[in-house]
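Coordinates in review
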Protein chains: 2
Amino acid sequence: MQPPEQTLADLGEFGLVELVGTPTTAPHVRIGPGDDAALVSAASNGVLASVDVAVEGRHFRRDWSSAEDVGHRVAAANLADIAAMGGTAHSLLVGFCAPGDLPVSWAEEMASGLVAEAAKVGAVVVGGDVSAADQVVVAVSVLGDPGPAVVRRQGARPGDVLAARGRLGWAAAGHAVLARGFRSPRAVVEAHRRPEPPYAAGPQAGAAGATAMIDVSDGLLADVAHLARASDVRCDIEREAAEVAEPLVAVGAALGIDPAVFWFTGGDDHALVACFPPGVLPAGWRPIGSVHPPVRQGFDYVTVDGEPWQGPSGHQHF
Amino acid sequence: MQPPEQTLADLGEFGLVELVGTPTTAPHVRIGPGDDAALVSAASNGVLASVDVAVEGRHFRRDWSSAEDVGHRVAAANLADIAAMGGTAHSLLVGFCAPGDLPVSWAEEMASGLVAEAAKVGAVVVGGDVSAADQVVVAVSVLGDPGPAVVRRQGARPGDVLAARGRLGWAAAGHAVLARGFRSPRAVVEAHRRPEPPYAAGPQAGAAGATAMIDVSDGLLADVAHLARASDVRCDIEREAAEVAEPLVAVGAALGIDPAVFWFTGGDDHALVACFPPGVLPAGWRPIGSVHPPVRQGFDYVTVDGEPWQGPSGHQHF
């Protein structure tokens, strides 16, 4: 007989805090986990800060993603928020809720995925708190250094080029196949499990003079609309710019879905979308459209080839 | 017929983000809610950062506390963590999960309590994220400026005076009466609903030369043990120092509990406990014991009148 697996209830609160708040050494961490608060160095131009919550059954499923995948995903969502401001994340605070019968190994592996993803940009976990709850909730706050220039959602100007960096629609295609009980194509399933946001492209865009930027977490159309509304412009996306890669075509064919819909509406890849003045597009950024004066009648902050989008839209969390 | 109350599901994600992330103006907030991340100014000596999660049914009950109470309580736990390091909180990030059928008014009132508590120290909400979930979870991260001196759990030295500031046991007495279906004495019920941590006493202690400090969230004995372990000392608490105020005596008498137990083991008042070199006790701090070399045999990091505590201990979250 196998020995019973150790659960969170066995471990108790203090054990889990130590587990999530693995002692970390990084030059900017003056006081790490273990005190009432951590103390981290900050850049002279301030601290970027954001929070993201991920709830089991809404943002992830334990039968679709390994614990390590979930850690990667949750960290990626946070780190991308800092990149989208032109900055680089340096510190994470992890609030973790879970049922008492959750195996300790799940929490350990989730923490390990989170730590590994954070390490990609040099960020570390500096604090944590845990509680029993009916379902798994991971609430992560992230702190980061502003880059050479802070880039906001507002600031885009008519005449700017709209450009993207990173994959679009892959995670959504992965979600679509998982939702139908399939596990392939592997590439899109992996994209759902472990998005690969183009972290370095955030500061790169800021240094190049990006006028506005956002990370794509709700879908290209939805997030470009947020940017356009904040900037009081209309963004037009060229349908021809849609890079519908082979795995997306395959998923579309298998499921009877226009694969371009993944590209236009799929969130969770955490691609970056930014606006650049003409002639300054930095390496690796693909032009996908253009910026225009706002349409005063109606709410068409974003158009596709000059027309309102007619297809299905992105997801709602409630 | 009353119109049906608006629920979170009606409001949708974006409405709720705006609700929780009420636009705030404060000199240190350079970019507030509404972008992918906020940008806040930081002191040249860094940023204190901490996270606390509060789960419905574990940390609060909607039939025991109003939404506004819950906001006050969750914020207080966070702000006290920064005070316990000798600092002052300036920014909060709010992760909020709730069932879709939660009335919007509950979320609004919770946010308003949170904002009001934060205002006591000049802190504001700079970001938020929301998600549907099976139960209400409020995960708040807090950022703060270090004070004149950063005070940790480690650093206490034999010969130091152990001192406390703020109420001890009141919230626990309030919890005890609520758990038995009573609503009075009002003073302790209110203390449970809205703790009053002595925020300013944190920086005060740092300036006065405190060698170690902690906020009492798990109970005096448990938290002093954390401090003693981190400092590698033994802390001795004098039983005579227990300030068992009248409402605690009344609750003890009514429930057949030694009221001193509330004082020794009750958490959630967020009192501060600190160690000071002899002769420097700042105004308002009450001596409650003394610091000694560690006991090498056993784990008696904290003693009461020189002996291990024999009564019931504090709570476990799992």
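Before reading on, note that the structure itself is shown above.
Procedures and definitions
- Residues numbered from 1 in each chain as written.
- Chains lettered and ligands numbered in written order.
- Predicted model: local features only at pLDDT ≥ 70, side-chain atom pairs only at ≥ 80, totals over all residues.
- Heavy atoms only, no water.
- Helix = DSSP H or I, 4+ residues; strand = E, 2+ residues; numbered from the N terminus.
- Rg over C-alpha atoms; globule rule 2.2 N^0.38 Å.
- Buried < 20%, exposed > 50% of the residue type's maximum accessible area, 1.4 Å probe, protein only.
- Contact = heavy atoms within 4.5 Å.
- Areas by Shrake-Rupley, 256 points an atom, 1.4 Å probe, with all protein chains shown as cover.
- Lys, Arg positive; Asp, Glu negative; His and termini not counted.
- Charge placed at Lys NZ, Arg CZ, Asp CG, Glu CD.
- Arc of directions from axis to C-beta.

1. Re the overall build of chain A
Across its full length, chain A holds nine helices and twelve strands. Scaling as 2.2 N^0.38, a compact globule of 318 residues should have a C-alpha radius of gyration of about 20 Å, and chain A matches this with 20 Å. Along the first, second and third principal axes, the C-alpha set of chain A runs to 65 × 50 × 35 Å. Residue burial in chain A is summarised as follows: out of 318 residues, 58% are buried. Across chain A, every contact between residues at least 6 apart in sequence was considered, and the portion connecting residues at least 24 apart equals 85%. Of the roughly 11800 Å² that chain A leaves accessible, carbon and sulfur atoms contribute 52%. Averaging the locations of the 21 positively and 37 negatively charged side chains of chain A gives two centres separated by 5 Å.

2. Quick look at helix H8 (residues 246–255) of chain A
Residues and elements named next belong to chain A. The set of residues buried in H8 consists of Pro-247, Leu-248, Val-251, Gly-252 and Leu-255. Take H8 and look down its axis: the buried residues cluster within an arc of 140°, on one side only. Exposed residues on H8 whose side chains face more than 90 degrees from its buried face are Glu-246, Ala-253 and Ala-254. In this structure, the buried residues of H8 make contact with helix H4 (170–179), helix H5 (186–193) and helix H9 (259–265). Just beyond H8, the residue with positive phi is Gly-256, at close to 70°.

3. Things to note about the environment of Ala-38 of chain B
Residues and elements named next belong to chain B. In this structure, Ala-38 sits in strand S2 (residues 38–40). With relative accessibility at 1%, the residue Ala-38 sits in the buried group. C-alpha of Ala-38 to C-alpha of Pro-185: the two residues are 147 residues apart in sequence and 42 Å apart in space.

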